[in-house]
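Structural description and commentary
Next come the chains, spelled out residue by residue.
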Amino acid sequence: MKISDLGTIITGKTPSTKKKVYWNGEIPFITPRDLQNSKHIFTTARTITEEGMSAVKKSILPENAVCVSCIGNIGYVGKTITQSVSNQQINAIIVNKNHNSDYVYYLMKYLWPRFKNYEGQSTTLSILNKSQFSKIEIVDRSREEENTIAGFLNSLDSKIENNCQVNKNLYAA
């Protein structure tokens with residue numbers, strides 16, 4: 001089984017930065033930096049407008065898309081919580097109905113060492129292109145196994161997120 005069997009893979013696209021009407025809206029614009037903080041992409045450093053999203057309409061990501069940075073710092077992973085757009089450094093998996101999107105997120109995290117093997121192969125900028133990314137072999141698990149694995153790891157992540165929130169509250173007090 002290959003990553004491409006998990007769903008539709010979309011490479012992001014950046015709306016023209018020369019058109020101010022595309023920027024500073026309400027729609028998250030995901031870059032690799034936004035994938036480094038937590039499982040879910042709650043906030044992004046940059047946002048785009050409806051016009052900006054229309055300009056890159058083939059790159060729109062729905063809720064629960066799994067984003068993987070594939071240029072530069074390869075292997076960062078995050079999951080959308082709302083309709084979003086990403087830049088061209090990110091390949092996103094729109095997980096199909098046969099798979100659990102949380103499982104796919106954790107699988108991509110697990111594949112970090114394999115993704116890292118693509119760093120340094122170029123003399124300029126490390127790239128794991130869409131074709132290479134799509135063809136990476138993965139273990140084929142039943143939906144039941146995916147649900148069990150995702151359920152266990154989700155419970156751990158929830159505890160971690162709760163502890164982080166407690167720490168923030170204590171720090172703010």
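Check the entry above for the structure.
Quantities reported herein were computed from a predicted structural model and do not represent experimental measurements.

About the cut-offs
- Residues numbered from 1 in each chain as written.
- Predicted model: local features only at pLDDT ≥ 70, side-chain atom pairs only at ≥ 80, totals over all residues.
- Heavy atoms only, no water.
- Axes fitted to C-alpha atoms, helices over the stretch in contact; angles between N-to-C directions.
- Helix = DSSP H or I, 4+ residues; strand = E, 2+ residues; numbered from the N terminus.
- Parallel < 35°, antiparallel > 145°, perpendicular 65-115°, else oblique.
- Contact = heavy atoms within 4.5 Å.
- Nonpolar A, V, L, I, M, F, W, Y, C, P; charged D, E, K, R; others polar.
- Core = buried A, V, L, I, M, F, W, Y, C linked by side-chain atoms within 4.5 Å.
- Buried < 20%, exposed > 50% of the residue type's maximum accessible area, 1.4 Å probe, protein only.
- Pairing = 2+ DSSP bridges.
- Salt bridge = Lys/Arg side-chain N within 4 Å of Asp/Glu carboxyl O.
- Expected span 1.5 Å × (residues − 1).

With that settled, the discussion passes to the packing of helix α2 (residues 101-110) against helix α5 (residues 143-172). Between α2 and α5, the least distance of the axes is 8 Å, while the angle of their chain directions is 75°. The angle between α2 and α5 places the two elements in the roughly perpendicular class. Between α2 and α5, the residues in contact are Asp-102, Tyr-103, Tyr-105 and Tyr-106 and Glu-146, Ile-149, Ala-150, Leu-153, Asn-154 and Asp-157, respectively. Here the residues of the contact of α2 with α5 sort into six nonpolar, one polar and three charged.

Bringing the nonpolar core into the picture now. Counting residues in each nonpolar core, the largest one holds 24 residues, and the members touching the most others are Ile-3, Ile-93, Met-108, Phe-115 and Phe-133. Residue contributions to this core peak at six residues, all from α2. Counting nine residues, the second largest nonpolar core, distinct from the first, contains Leu-35, Cys-67, Ile-90 and Ala-92.

Position of Ile-74 among the secondary structure elements: in the loop between β6 (66-69) and β7 (77-80). Judged by relative accessible area, Ile-74 falls into the buried class, the value being 0%. If sequence neighbours within four positions are ignored, Ile-74 has contacts with Ser-69, Trp-112, Phe-115, Lys-116, Tyr-118, Glu-119, Ser-126, Ile-127 and Leu-128.

Counting buried residues in strand β2 (residues 23-30) gives six out of eight residues, a clear majority hidden from the surface. Where β2 lies against strand β8 (residues 84-86), two bridges are found, and the strand directions are parallel. Counterpart to Phe-29 in the pairing with β8 is Val-85.

Reading across the sheet, the four strands line up as β4-β2-β8-β5 and stay open at both edges, with mixed pairing between neighbours. The open sheet has two free edges, formed respectively by β4 (46-48) and β5 (60-61), since each of these has just one partner strand. Where β2 lies against β4, four bridges are found, and the strand directions are antiparallel. Following the sheet pairing, Trp-23 is matched in β4 by Ile-48.

So, on to the pattern of salt bridges. A full pass over the atoms with the stated rule returns three salt bridges. In this structure, Lys-39 and Asp-102 form a salt bridge, with 2.9 Å as the shortest nitrogen-oxygen distance. Of this pair, Lys-39 sits in the loop between β2 and β3 (40-41) while Asp-102 sits in helix α2, placing them 63 residues apart in sequence. A salt bridge links Lys-79 to Asp-102, with the nearest nitrogen and oxygen atoms 2.4 Å apart. One end of the pair, Lys-79, is in strand β7; the other, Asp-102, is in helix α2, and 23 residues separate them in sequence. The exposure class of Asp-102 is buried, given its relative accessible area of 16%. Put simply, Lys-39, Lys-79 and Asp-102 are held in one network by salt bridges that share partners.

Now for α5. Compared with the 44 Å implied by 1.5 Å per residue over 30 residues, the 42 Å span of α5 between its first and last C-alpha is a close match. By the burial criterion, the buried members of α5 are Glu-146, Ala-150 and Asp-157. Where α5 is buried, its residues meet α2.

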